[in-house]
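A look at the structure
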Amino acid sequence: MFKRAAVSEGSTDDLSTRARIRDAAIVTFGDQGFGVGVRAIAAAAGVSAGLVNHHFGSKDGLREACDEYVRDLIRQVKTEYIRDPTPKSLLESLSEIEDFAPYIAYMMRSFQAGGSLTVTLFEHMVSDIEGYLVTGVEAGTLRPQRDLKATARYMALHNGGGFFLFLQLYAARHDGKLDYRKALREYADQVMLPAADIFTNGLFTDSMMLDTLLDRKR
């Protein structure tokens, strides 16, 4: 579901090697955090440390490439669903949710690490959500938002923060061990139905809260 060609310059061998290093880095960073050295990533990819630096320049350059790939992958999957949601595509996504485990582990490590790359990743996520919202409105699958940019930022903070809190609680309940595949399945089982209910039907019975906040801004 998630396999697609890497976009790069060079020979077919170069493309394959670059993608192999990137994929190994995503898994290694997710497993061990961003303190892991280039040599460990190179060993996981079956290449030399020099070849890692040849393709990415530095560990930060490699991390930026991993960030971009993970974002692109998630953006592609979500955009396809928002543009044409069907029962079949929803059920297929749910049945394959464990496939996201390496990418979720990577994202978790990224937000734990902090720093400028984490801020950049979050701002890119907000921008990506804006794109999903625009796509959905244009396709007629989502309602227009009063302030699309503010909605996108809220969703990034709310959904991302809530999910990562869930992962922390999952680990706490399992003696500090975090099995991302099992955690993702448990998360989907717990939240998908109530989330769909709230997004589809809303929660408040009247507009008092919204009207009050809008009046306050005037």
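Residues numbered from 1 in each chain as written. Predicted model: local features only at pLDDT ≥ 70, side-chain atom pairs only at ≥ 80, totals over all residues. Heavy atoms only, no water.

1. What to know about the overall build of the protein
- In terms of helices and strands, the protein carries 10 helices and 0 strands.
- From first element to last, N terminus to C terminus, the protein shows the α and β order α-α-α-α-α-α-α-α-α-α.
- Taking the principal axes of its C-alpha atoms as reference, the protein extends roughly 60 × 45 × 40 Å.
- Accessible surface, the protein as shown: approximately 13,400 Å² in total, 56% of it carbon and sulfur.
- Distance from the positive charge centre (26 side chains) to the negative charge centre (29 side chains) of the protein: 3 Å. (Helix = DSSP H or I, 4+ residues; strand = E, 2+ residues; numbered from the N terminus. Areas by Shrake-Rupley, 256 points an atom, 1.4 Å probe, with all protein chains shown as cover. Lys, Arg positive; Asp, Glu negative; His and termini not counted. Charge placed at Lys NZ, Arg CZ, Asp CG, Glu CD.)

2. Focus on the packing of aromatic side chains
- Applying the stated criterion across every chain, the model contains 8 aromatic pairs.
- Seen from their ring centres, F34 and Y106 are 5.5 Å apart, and the 80° between their planes marks the pair as edge-to-face. Taken as a pair, F34 in the loop between helix 1 (12-32) and helix 2 (38-45) and Y106 in helix 6 (residues 101-113) lie far apart in primary sequence, 72 residues in all. Both residues of the pair, F34 and Y106, belong to the buried class. (Phe/Tyr/Trp six-rings, centres within 6.5 Å; stacked < 30°, edge-to-face > 60°. Buried < 20%, exposed > 50% of the residue type's maximum accessible area, 1.4 Å probe, protein only.)

3. With respect to the packing of helix 6 against helix 7 (residues 116-139)
- At a minimum axis distance of 8 Å, the contact between helix 6 and helix 7 shows a crossing angle of 125°. As summarised for this structure, helix 6 and helix 7 are arranged oblique, according to the angle between their axes. Between helix 6, through M107, S110, F111 and A113, and helix 7, the contact on the second element is made entirely by T118, L121, F122 and M125.
- Its residues placed into classes, the contact of helix 6 with helix 7 shows 6 nonpolar, 2 polar and no charged. (Axes fitted to C-alpha atoms, helices over the stretch in contact; angles between N-to-C directions. Parallel < 35°, antiparallel > 145°, perpendicular 65-115°, else oblique. Contact = heavy atoms within 4.5 Å. Nonpolar A, V, L, I, M, F, W, Y, C, P; charged D, E, K, R; others polar.)

4. Concerning helix 3 (residues 49-56)
- Turning to helix 3, its buried residues number three or more, namely A49, V52, H55 and F56. For helix 3, the angular spread of the buried residues around the axis is 125°, confining them to a single face.
- Note on helix 3: the residue one or two positions beyond its end, G57, has a positive phi of about 85°. (Arc of directions from axis to C-beta.)

5. Here's the deal with the packing of helix 4 (residues 59-83) against helix 6
- Following both chains from N to C, one finds helix 4 and helix 6 inclined at 130°, their axes separated by 11 Å at the closest point. The angle between the axes of helix 4 and helix 6 places the two elements in the oblique class. As helix 4 packs across helix 6, the resulting crossing turns out to be left-handed. Side by side, helix 4 and helix 6 meet where R63, C66, D67, Y69, V70 and L73 of the first sit next to Y103, Y106, M107, S110 and A113 of the second.
- Across the contact of helix 4 with helix 6, the residue classes break down as 8 nonpolar, 1 polar and 2 charged. (Left-handed = near helix turned anticlockwise from the far one by under 90°.)

6. Some thoughts on the confidence of the model for the protein
- Averaged over all residues, the pLDDT of the protein is 89; the fraction at 70 or higher stands at 93%.
- Counting contacts from residues 1-12, a segment whose pLDDT is below 50, to residues more than four positions away or on other chains yields 20 contacts. (pLDDT = per-residue confidence, 0-100.)

7. Let's talk about the nonpolar core
- Counting 51 residues, the largest nonpolar core has F29, V52, L62, F100 and L167 as its most contacted members.
- Broken down by secondary-structure element, the contributors of at least two residues to this core are helix 1, helix 2, helix 3, helix 4, helix 6, helix 7, helix 8 (148-173) and helix 9 (180-201).
- Among all residues touching L167, those that are not within four sequence positions of it are I104, M108, L178, Y180 and A183. (Core = buried A, V, L, I, M, F, W, Y, C linked by side-chain atoms within 4.5 Å.)

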